[in-house]
Amino acid sequence: MSGSLESLKAVAERIVLDPRYHDLLAIVKGARNGAVYGTKVRFPHALVMILLFRSGTLREKIRLVFRATRTHARNLAKFATIYKVTCLLLKNYGPTPGKEGPYDSFLAGLLGGYVVFGRRSPRTGKISSVSQQIVVYVFARVVLALARLAVQPRASANTSGGPRGGGGLGLPFVSDPRNSTVISHYAWPVFASVSWAAVMHLFRHHAAELQPSLRSSMTYIYADSDRWDGLRTLLWHNK
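Counting restarts for each chain, with residues numbered from 1 along the sequence as it is written. Since the coordinates come from a predicted model, pLDDT governs what is reported: local features require at least 70, and pairs of side-chain atoms require 80 or more to be given and counted, while whole-chain, interface and lining totals use all residues. Computation of side-chain values: all heavy atoms of the structure, hydrogens and water removed.

1. Structural notes on the packing of helix H2 (residues 22-53) against helix H3 (residues 58-93)
Note the cut-off: Simply put, an axis is a line fit to the C-alpha atoms, just over the touching stretch for a helix, and the angle between two N-to-C directions goes from 0 to 180 degrees. A run of DSSP states H or I qualifies as a helix once it reaches four residues; a run of E qualifies as a strand once it reaches two. Both are numbered from the N-terminal end. Angular relationships are summarised with four words: roughly parallel below 35 degrees, roughly antiparallel beyond 145, roughly perpendicular across 65 to 115, and oblique for the angles in between. Here a crossing is taken to be left-handed if its near helix is turned anticlockwise relative to the far helix by less than a right angle, and right-handed if that turn runs clockwise. Nonpolar residues are Ala, Val, Leu, Ile, Met, Phe, Trp, Tyr, Cys and Pro. Charged residues are Asp, Glu, Lys and Arg, and all others, Gly as well, are polar.
As a packed pair, H2 and H3 sit with axes 7 Å apart at the nearest point and diverge in direction by 155°. When the axis of H2 is compared with that of H3, the two are roughly antiparallel. The handedness of the crossing between H2 and H3 is right-handed. By residue class, the composition of the contact of H2 with H3 is 22 nonpolar, seven polar and four charged.

Have a look at this one:
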């Protein structure tokens, strides 16, 4: 019995280390790292905030903690999967097959940002609070990184930050009732998509300008998932 298990493990190790399967397995590890990171970040935060500041029974609070943690982990896992799959498709079927294009990361982030964070709940018609927190966090870091790039001598301006809509001040065009409803409906999907497109492009081409904590988390999810030395560091441990 132990001999057959060892042989199965040896076969699995050979598959995991085979370069032919690297890109597909990187998608698997990206989803894994996204789920793990989302759980590590959201669980302690939700535990403290909900237990201290939310009303309800202990059972209701535990259910809310679990729901917030699951949503955060699932969203990051889904985004990592969509991002890596899109990058792989663009690399192999883009204008220069076999070579990464300069805007592949932006387009992949745009698609992932819309699908995971930009769409409203079909049940409630609202954007989840977890998605809002993640996108606003990403957008703030994008603005900081673009500000740093703006003052560098070698100008490579990439003005991809999604502007916030200006309502309530009677601004021309925006405050027109015929336009405000449409803008209100589509503003968030555009904001979420562009924020994620910008941060993925910045991480791929200007990672040093991103805030260290964000850069570290993105390295864990999107860069470390491209490296492993066996079955253990593919599925159970990052390194």
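Alright, that's what it looks like, and here's the rest.
2. A closer look at the pattern of salt bridges
Condition: What makes a salt bridge here is a side-chain nitrogen of Lys or Arg within 4 Å of a carboxyl oxygen of Asp or Glu, nothing more. Think of it in three bands: residues with accessible area under 20% of the maximum for their type are buried, residues over 50% are exposed, and the middle band is partly exposed, with areas taken using a 1.4 Å probe on protein chains only.
One pass over the full model with this rule turns up four salt bridges. One salt bridge in this structure joins arginine 20 and aspartate 18, with 2.8 Å as the shortest N-O distance. When its relative accessible area of 66% is taken as the criterion, arginine 20 is described as exposed. According to the relative accessible area criterion, aspartate 18 is buried, its value standing at 16%. Here glutamate 100 ties to arginine 204 by a salt bridge, and the two come within 2.7 Å at their closest N and O atoms. Taken together, the residues glutamate 100 in the loop between H3 and helix H4 (104-118) and arginine 204 in helix H6 (residues 177-205) connect sequence positions 104 residues apart. Looking at arginine 204, the relative accessible area reads 41%, which means it is partly exposed.

3. Quick look at the nonpolar core
Here is the rule: Side-chain atoms within 4.5 Å link the members of a nonpolar core, which is a set of buried Ala, Val, Leu, Ile, Met, Phe, Trp, Tyr and Cys residues. When checking whether two residues touch, look at their non-hydrogen atoms; a contact exists if any pair is within 4.5 Å.
Phe117, Trp196, Val199 and Tyr222 are the most contacted members of the largest nonpolar core, which totals 38 residues. Secondary-structure elements contributing two or more residues to this core are H2, H3, H4, helix H5 (129-150), H6 and helix H7 (212-223). Residues in contact with tyrosine 222, not counting those within four places in the same chain, are Phe79, Ala80, Tyr83, Lys84, Trp196, Met200 and Phe203. Judged by nonpolar contacts, the second largest core, of five residues, contains Leu25, Ala26, Trp228 and Leu234.

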